[in-house]
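# Summary of structural features
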Amino acid sequence: MPNKKCLVFFFFLFFLVIIGVIVICLIAKDGIKHKETESPFWQRTIVYQVYPRSFCDHDGDGTGDLQGILSKADYLKELGVGTVWLSPIFSSPMADFGYDVANFTAIEPLFGTMDDFDALRAALHDRGLRLVLDFVPNHSSDEHEWFVKSRRKEEPYADYYIWADPKGFDEEGQPIPPNNWLSVFRGPAWTWAEERQQFYFHQFLAKQPDLNYRNERVRDEMKQVLRFWLDRGVDGFRVDAVKFLFEVEDISQDESVANDPETDDPLDYYYLNHTLTTNQPETLEVVNEWRDILDQYSDRVMMAEVYDDDIRQVMKYYGNDSVPLADFPFNFLLIDSFRNRSDLSGAALKDALDLWMDNMPEGKWPNWVLGNHDNGRVGSRFGEDLIDALNMLVLLLPGTPVTYYGEEIGMLNTFISWEDTQDPQACNHGLDGYEDYSRDPERTPMQWDNSTLAGFTTGNSTWLPVNDNFKDLNVKAQQHAEKSHLKIYEELARLREEETFTKGHTAYPVISNEVFSLLRYLEGYESYLLVMNTSEEELEVDLHQHANMELPPTAEVVLRSVTDTAEATVPGSEIHLSEVKLAAGEGLLLTFSE
Ligand code: NOJ
């Protein structure tokens, strides 16, 4: 009898083990399937750009720092952005505010210490946020020890930079640069180094000498820099000024004159065509080497900064299956296509979107950039009335939106007097020209609250003046207001996680001079229709009359710009699509079931 009991027991045990194995296999299979199908993090998040000098100052010296950023980690989480990109935080004499790096693997003391960096990374990761750093490969600071040694011709650094003999000497015995190449920041791209009796090349400031990528050692050094930060847990890089990496080898050639009617200043960068100094084919080889490194780590992103009038040049930085490059080059078309409000129309907006999508290589991922530290604030470029509509657009389109700090509250450009001007690009254009070139107006301190200096610093001064509008325009006020840019932004960040946006289709039912519309839809889910008035006048539009597809008779209001005060469009209201009223510049987000 005990034997029979034993047998039953063992049978039962055997049965349990088999069931267990089956369950484990199923879970594992599902897990693997899940991993295979899950998209990379940068396709699922908003990228939020922090300009470290201007985000939050913890130590009270008037310039933002890493501990300041850390103190806002909860804010960033709450905002709904998933990836934080920091403009350069590396040791720098700050001639170009961090884009002149003196040590690529050290933290600038103004911003804090490596411990502060580790704490920030941990704080972001603990909250499920990713951290992306700026990688500035084209140049270093002239105070980098590589340059100091190169100028002395000390090996192995002698050829770390681009050195050239003078073309000759002028009547006063001054050396003449080897060619006519110009710096982006105005004036010759060659500076004479007494010590070495040669010129060195710089695409930007004389304090930013260009590294020589024809030297394998330089390539290796910069790859080491990438590994250093990847090993320290960063989730990827925004690659600065990448199209400038190489110049033609034969430097005896001049660049041709652009004959641009807008530029008659022979020292202005746009006076010349830059066929010999940008987008050289070797650049893509180097970017591919960096890609290889990132791919040795899991789930890392590479975003490339490439401004170019020729969209085909920009698209090259996506690479292809055999030569993968960046995950995406930034899409600056929403900046470059519209310099003034008058350039904007529903049709022009649609053209700008199409220009990217039609040129993007097959299988690649789009992105949408409204502003950054090199371009005026959205509300100042387009008009304040368009702030919410444009955030709605970039957050609801398929692709990765990139938000510049402060855009979530609609910060505006700040007037900066000549005396207060800091940006070297502005300084190089002098009192009469500085305003056209200055990037200071979009770099002013983040406006956190209405206390002195907008809650940006505990000190009593700031590196750039705080905008006078901070008393009303600040995070705290917008958190407490019944409606605000911030609340709209947060709601959009939540909405874009819905299946309709993550998996849905896209259509543009009504496009006209004054109206832009975007439809996101997915079978079995709510559809969302964004209707935007791009004009400066109030408007009533019959969507049915102009739509290129069938639309339902009515829809429910989900969100509307803060400028809309009409009774009929209070969120939650049902409206007829044949009579949609829109305030000037308004974005109205509607929903309906199929
Ligand atoms: C592009 C950066 O965005 C800009 O701020 C900087 O001045 C140049 N690169 C030079 O590094």
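Given the structure is predicted, the values throughout are model-derived calculations rather than measurements.

### Side note on the overall build of the protein
The secondary structure content of the protein amounts to 20 helices and 23 strands. Once the C-alpha set of the protein is aligned to its principal axes, its extents read approximately 105 × 80 × 50 Å. Burial statistics for the protein: of 594 residues in total, 57% are counted as buried. In the protein, once contacts between residues fewer than 6 apart in sequence are set aside, the share between residues at least 24 apart is 68%. When the accessible surface of the protein is split by element, carbon and sulfur atoms take 50% of a total near 25800 Å². Of the side chains in the protein, 50 bear a positive and 103 a negative charge, and the two mean positions are spaced by 9 Å.

### Regarding the sheet that holds strand β20 (residues 554–560)
Strand order across the open sheet formed by 6 strands is β16-β17-β18-β23-β20-β21, with antiparallel pairing between neighbours. With partners counted over all chains shown, the strands left at the sheet margins are β16 (505–507) and β21 (574–576), one partner each. Neighbour-to-neighbour, the strand axes of the sheet open up by a mean angle of 30°, direction not taken into account. Sheet analysis places strand β18 (residues 527–533) next to strand β23 (residues 587–592), joined by 6 bridges and oriented antiparallel. When the sheet's bridge partners are listed, L529 is paired in β23 with L590. Against the sheet, helix α12 (residues 346–359) engages β17 (515–521) and β18, with an angle of about 50° to β17. Across the sheet, helix α14 (residues 387–396) touches β17, β18, β20 and β23, and the angle it forms with β18 is around 145°.

### Structural notes on the pairing of strand β5 (residues 130–135)
Summarising burial for β5: 5 of the 6 residues are buried, a large majority. The pairing of strand β2 (residues 83–86) with β5 spans 4 bridges and is parallel. Paired with L86 across the bridge in β5 is L133. Strand direction decides the pairing type here: β5 and strand β11 (residues 236–239), joined by 3 bridges, are parallel.

### What to know about the site of the ligand
The immediate surroundings of the ligand are formed by 13 residues, with D96, D240, H373, D374 and R439 found nearest. Contacts to the ligand include D96, whose side-chain N or O atom sits 2.5 Å from an oxygen atom. Here H139 contributes a side-chain N or O atom positioned 3.0 Å from an oxygen atom of the ligand. Coverage of the ligand by the protein chains reaches 97% of its 300 Å² of free accessible surface.

### Things to note about the environment of Y157
Relative to the elements of secondary structure, Y157 occurs in the loop between α7 (145–151) and β6 (163–164). Look past the residues within four positions of Y157 in its chain and what remains in contact with it is W146, K149, S150 and E221.

### Description of the domain arrangement of the protein
Each assigned domain of the protein is listed with its residue range as follows: domain 1 (139–210 + 246–279) and domain 2 (504–592). Computed from C-alpha coordinates alone, the two centres of domain 1 and domain 2 are separated by 53 Å.

### A short note on the environment of M114
As for its placement among the helices and strands, M114 is situated in helix α6 (residues 114–126). As for M114 and L66, which are separated by 48 residues in sequence, their C-alpha atoms are 9.6 Å apart. Once you skip the residues sitting within four places of it in the chain, M114 turns out to touch T105, I107, F228, W229 and R232.

### Considerations on the side chain of E407
When you line up the elements, E407 lands in the loop between β15 (400–404) and α15 (424–427). A relative accessible area of 5% places E407 in the buried class.

### Some points on the packing of helix α8 (residues 216–231) against helix α9 (residues 281–295)
One can describe the packing of α8 onto α9 by two numbers: an axis separation of 10 Å at closest approach and a directional angle of 30°. Taken together, the axis directions place α8 and α9 in an arrangement best described as roughly parallel. Of the two possible hands of crossing, α8 and α9 adopt the one that is right-handed. On α9, the residues touching R219, K223, L226, R227 and L230 of α8 are E285, V286, E289, W290, I293 and L294. Of the residues assigned to the contact of α8 with α9, the class counts are 6 nonpolar, no polar and 5 charged.

### Here we look at the pairing of β11
The alternating pattern of β11 places G236 and R238 on one face and F237 and V239 on the opposite face, and all of these are buried. In terms of strand pairing, β11 meets strand β12 (residues 301–304) through 4 bridges, oriented parallel. Considered in β12, the bridge of G236 is made with V301. Handedness of the crossover is the feature at issue here: the chain leaves β11, passes through α9, returns alongside β12, and the resulting connection is right-handed.

### A closer look at the nonpolar core
Within the largest apolar cluster, 132 residues are counted, with the highest numbers of intra-cluster contacts made by Y48, L86, F117, W229, F237, W290 and M446. Ranked by residue count, the leading element in this core is α14, at 7 residues. Counting residues domain by domain, this core receives three or more from each of domain 1 (139–210 + 246–279) and domain 2 (504–592). If sequence neighbours within four positions are ignored, F117 has contacts with L66, I89, I107, L131, L133, W229, R232 and V234.

Reading the values: the criteria
Residues numbered from 1 in each chain as written. Predicted model: local features only at pLDDT ≥ 70, side-chain atom pairs only at ≥ 80, totals over all residues. Heavy atoms only, no water. Helix = DSSP H or I, 4+ residues; strand = E, 2+ residues; numbered from the N terminus. Buried < 20%, exposed > 50% of the residue type's maximum accessible area, 1.4 Å probe, protein only. Contact = heavy atoms within 4.5 Å. Areas by Shrake-Rupley, 256 points an atom, 1.4 Å probe, with all protein chains shown as cover. Lys, Arg positive; Asp, Glu negative; His and termini not counted. Charge placed at Lys NZ, Arg CZ, Asp CG, Glu CD. Pairing = 2+ DSSP bridges. Axes fitted to C-alpha atoms, helices over the stretch in contact; angles between N-to-C directions. Near = heavy atom within 4 Å. Polar contact = N/O pair within 3.5 Å; in protein donor to acceptor, adjacent residues only side chain to side chain. Domains from an automatic or database assignment. Parallel < 35°, antiparallel > 145°, perpendicular 65-115°, else oblique. Left-handed = near helix turned anticlockwise from the far one by under 90°. Nonpolar A, V, L, I, M, F, W, Y, C, P; charged D, E, K, R; others polar. Right-handed = clockwise from strand over helix to strand, strands pointing away. Core = buried A, V, L, I, M, F, W, Y, C linked by side-chain atoms within 4.5 Å.

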